[in-house]
Amino acid sequence: MRIAPLSLLISVSLLASSAFAQDTATVTGIESEISKKQAEYDNSTLILEKHLKEESQLQKQLELLRARSAELDKEKNQALDAMNEMYRRLIDDPTLDISNAQTRYQKAVVDHKQNKDDISMQLAAIASHRKDIEQIRVAKHTQLNTLESLKEQLATARVERLRNEFTREGTLEVNHTINCKRTETLAACEQRGQQMGLQKATKRFVDQIFANLTEERLVEPKRNLAGAQVKILSSHVVNSAFSGQGNYNVNLSVTMRGDVNSSRLCSLLNLDNRFCADYGSPLAGNYQPNYTTTYSDSQLTFSDSQDNSQVVSVSRMSEQPVSDYSVKKPVRVEPLPDLKKSKMVELTLRSNVYDDEVFIDGVSFGSTKLTTSLPGGFHDIEIRKRGYKSYKARLDLRKAQTINAKLVKEPEPIVAAVVATEQPTAAPVASIVNKTNTASIVVIPAGTFKMGDINGNGLANERPVVEKTIANSFAMQSKEVSVGEYEQFVANTGYKTEAEKNRGCAYYLNGEPVWEATLNWRNPGFEQDSDFPAVCLTYNDAKAYADWLSGQTGQLFRLPNEVEWEYAARAGKETEYPWGNEIGKNLANCGWCGSEWSNKSAAPTGSFSPNAFGLYDTVGNVWEWTNKKPGQSDVTVRGGAWNFAPSLARVSTRLILAPDFRANYIGFRLVRER
């Protein structure tokens, strides 16, 4: 039940709207842009569907023309035979009229030629239509990536707005009356009354913060998870008095600032925790408040039988969560100057890795470097990071301490030649070694899996979900083909890529693909070494490498088909990513994924942990070409890239491109057949 009267709620709401107009304007502006881009994307989808239908009609007309071509060719041959027969008869009978035969043959020749011209025109129309379709698809991919990046920005803006709303400052006046106990002195009664007044003020202040959150309806049901706290900046007694009936009345003016466990903001907003990865430690002491205001008080009744023995220092945040501000368990707040001092102890945690996560007594406190205050006594400390062994310690905290934790990286799979198993668990790893090429491969076991948008977060072309079976095991390169490996192929064959022969390669500029004639696999527009994935390669460039490698090794290498690629990338999982349904932070190289390469360039192959089959970079880094079916005009790329949003790096995401498209965010890996 709301404590403040309606007039108070309205005045606070108006003030909050004014003070946080910039935050709200930012969120609103991004939402408006998302709506605009969504409309553009939906319109492009309709245009693409129209063009695809028109292309289908053109293809049907072409089939009819080709079928008619056979009929006309047959008619032309029959007319020629008939005319030749008439010529032979004309030798014996010069008076014979052969004009009908001549006319028939002339018409057959004209009709046949016209049909050939119609077929040529139809092919030209289809080719022109294909170019339009390719352009629309590339534009759609751009719009989709822009749309998803805006959603990333929106999530960040919502988190920042909520954090600012929780950390506002204000002054509250409260009035509180208690009955003095017969066994306590007047001084003790006065002290107890003032402390209970402070408890009342902090509870009222927290209530007002929650009441004025922009997304209050979403956050309020999870209020007990917020970790909301109050820091009392100052307090003074406006007036106080004892009555003849043994009552003590005090009027307090309390200036407070809110705070929240920022690492929990994402849970409150139903967002991926990576948007809160930069938070986790309490606000610095020099934080500047957004506004100050004075609230009026309304009478409340509090129990007089509360235990007020525990208090906190005015320089510390209260450690009491919002859900515990109740009459049964008092809030621990800063007493007036004559009350006892607290026994909170400062703890600082550091580690040797980036983007770890700290747990104290099982509760996440964000990442290091972290400084917080805890009650004196025993605490369980754990620092985690994917790919590393967790640091664990039980600490008896009696004085300020600093812990420098060292996390040790877990060992990677051992490379060894083994025989394929039929279980989709630990993936065996093998090696191909010859005088020109060395590429590690892993054996992918046979099995059955669900292919497509299992979790309902995907695009239309990821549905419906279908069950697929891989009948036989196969081998796949554990990493994307590198610059060094592709250079061996070029040095051995003198091959020229399509980017080097014509138009160069595409790259993203201000969210749009731009062609640059000087870009190719040697110079993709960012600095690279030999262990970076080879990019700016077309489907045919990838196939040429596969054919060469097959000849060099005596084994058949080719691009994986879509079923093989997704089966291998899932590695027995039904989640969006190998580690779960959230992209996390610094677990892969994709746009806004928190790696040092995100939105800058590709990363060296194998820079992140492999999946359960031992495959690296199936999430992000560069899109990977898959094999197309015979007669299929388009090709699908999978896996996401360093400059595409995390939502497009899911295991089931599909982008359809023309075979001759190339960009500095598209590469490939190969499978080796049995």
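Structure report, in brief. (Residues numbered from 1 in each chain as written. Predicted model: local features only at pLDDT ≥ 70, side-chain atom pairs only at ≥ 80, totals over all residues. Heavy atoms only, no water.)

## Description of the nonpolar core
Consideration 1: Grouped together as the largest cluster of nonpolar side chains are 48 residues, with contacts concentrated most on Tyr486, Tyr545, Trp623, Trp625, Tyr665, Ile666 and Phe668.
Consideration 2: Those elements giving two or more residues to this core turn out to be helix 3 (99-166), helix 7 (483-493), strand 19 (505-509), helix 9 (539-553), strand 22 (623-625), strand 23 (635-638) and strand 24 (654-657).
Consideration 3: When residues in this core are grouped by element, the largest group, 7 residues, is from helix 9.
Consideration 4: Counting 34 residues, the second-largest nonpolar core is a separate cluster that includes Leu162, Cys189, Val230 and Leu269. (Core = buried A, V, L, I, M, F, W, Y, C linked by side-chain atoms within 4.5 Å. Buried < 20%, exposed > 50% of the residue type's maximum accessible area, 1.4 Å probe, protein only. Helix = DSSP H or I, 4+ residues; strand = E, 2+ residues; numbered from the N terminus.)

## Considerations on helix 7
Consideration 1: Within helix 7, the full set of buried residues consists of Val483, Gly484, Glu485, Tyr486, Phe489 and Val490.
Consideration 2: Where helix 7 ends, the next residue or the one after it, Gly494, has phi of about 75°, a positive value.

## Looking at the sheet that holds strand 22
Consideration 1: Taken in spatial order, the 4 strands make up an open sheet running 24-23-22-25, and their pairing is mixed. The strands lining the two open edges of the sheet, one partner per strand, are strand 24 and strand 25 (666-667).
Consideration 2: When strand 22 meets strand 25, the two strands line up parallel, connected through 2 bridges. Bridge pairing in strand 25 places Trp623 opposite Ile666. (Pairing = 2+ DSSP bridges.)

## Here we look at the packing of helix 7 against helix 9
Consideration 1: Contact geometry for helix 7 and helix 9: axes closest at 10 Å, N-to-C directions at 75°. Relative to helix 9, the element helix 7 is oriented roughly perpendicular. Residues Glu485, Tyr486, Gln488, Phe489, Asn492 and Thr493 of helix 7 form the contact with helix 9, whose own contacting residues are Asp541, Ala544, Tyr545, Trp548 and Gln552.
Consideration 2: Class assignment for the residues of the contact of helix 7 with helix 9 results in 5 nonpolar, 4 polar and 2 charged. (Axes fitted to C-alpha atoms, helices over the stretch in contact; angles between N-to-C directions. Parallel < 35°, antiparallel > 145°, perpendicular 65-115°, else oblique. Contact = heavy atoms within 4.5 Å. Nonpolar A, V, L, I, M, F, W, Y, C, P; charged D, E, K, R; others polar.)

## Brief notes about empty space enclosed by the protein
Consideration 1: For the structure on display, the rule yields 5 cavities of 30 Å³ or more.
Consideration 2: Empty space within the largest cavity amounts to approximately 110 Å³.
Consideration 3: As for the largest cavity, its lining consists of 15 residues, and the residues nearest its centre are Trp579, Leu587, Ser609, Asp617 and Val619.
Consideration 4: Taken together, Val138, His141, Thr142, Tyr508, Pro513, Trp623, Phe644, Leu655, Leu657, Phe661, Tyr665 and Ile666 make up the full set of residues lining the second largest cavity.
Consideration 5: Listed by contribution, the elements that provide at least two residues to the lining of the second largest cavity are helix 3 and strand 24.
Consideration 6: If you tally residues by element for the lining of the second largest cavity, the top one is helix 3, at 3 residues.
Consideration 7: Here the residues of the lining of the second largest cavity are counted per class, giving 10 nonpolar, 2 polar and no charged. (1 Å grid on protein atoms, 1.4 Å probe; cavity = no way out; pocket = protein on both sides within 12 Å on 5 of 7 lines; lining within 4 Å. Points joined across faces, edges and corners; volume = space filled by probe spheres on them.)

## Quick look at the state of the cysteines
Consideration 1: Tallied over the full model, the rule gives 4 disulfides.
Consideration 2: Each sulfur in the disulfide pair Cys505 and Cys536 lies 2.1 Å from the other. Looking along the S-S bond of the Cys505-Cys536 disulfide, the torsion reads about -80°, which is the left-handed sense. Here Cys536 lies in the loop between strand 20 (512-516) and helix 9 and Cys505 lies in strand 19, a separation of 31 residues in the sequence.
Consideration 3: For Cys505, a relative accessible area of 0% puts it in the buried group.
Consideration 4: Through a disulfide, Cys590 is tied to Cys593; the S-S separation comes to 1.6 Å. For the disulfide bridge between Cys590 and Cys593, the dihedral angle about the S-S bond is near -55°, and by the sign convention the bridge is left-handed. Neither residue differs from the other here; Cys590 and Cys593 are each classed as buried. (Disulfide = S-S within 2.5 Å.)

## Topic: unusual backbone geometry
Peptide bonds are mostly trans, and most non-glycine residues show a negative phi.
Consideration 1: Residues Arg463 and Pro464 are joined by a peptide bond in cis, for which omega reads 0°.
Consideration 2: Inspection of the secondary structure puts Pro464 in the loop between strand 16 (447-451) and strand 17 (466-470).
Consideration 3: The residue Asn586 is not glycine, and still its phi comes out positive at about 60°.
Consideration 4: Relative to the elements of secondary structure, Asn586 occurs in the loop between helix 10 (562-570) and strand 22.
Consideration 5: Although it is not a glycine, Asp617 sits at a positive phi angle of roughly 60°.

## Overview of the side chain of Glu148
Consideration 1: As for its placement among the helices and strands, Glu148 is situated in helix 3.
Consideration 2: Ignoring anything within four residues of it in the chain, the contact list for Glu148 reads Ala645, Ser647 and Leu648.

## Things to note about the pattern of salt bridges
Oppositely charged side chains can form a pair if their charged atoms are brought close together.
Consideration 1: The final tally for this structure, using the stated rule, is 33 salt bridges.
Consideration 2: Between Arg158 and Glu215 there is a salt bridge; the shortest N-O distance is 2.8 Å. One end of the pair, Arg158, is in helix 3; the other, Glu215, is in the loop between helix 4 (186-211) and helix 5 (216-219), with 57 residues separating them in the sequence. Glu215 shares its class with Arg158; the two are buried.
Consideration 3: For Glu220, the salt bridge identified is with Arg223, shortest N-O distance 3.6 Å.
Consideration 4: Three or more residues joined by partner-sharing salt bridges are found here, namely Glu562, Glu566, Arg570, Arg638 and Arg654. (Salt bridge = Lys/Arg side-chain N within 4 Å of Asp/Glu carboxyl O.)

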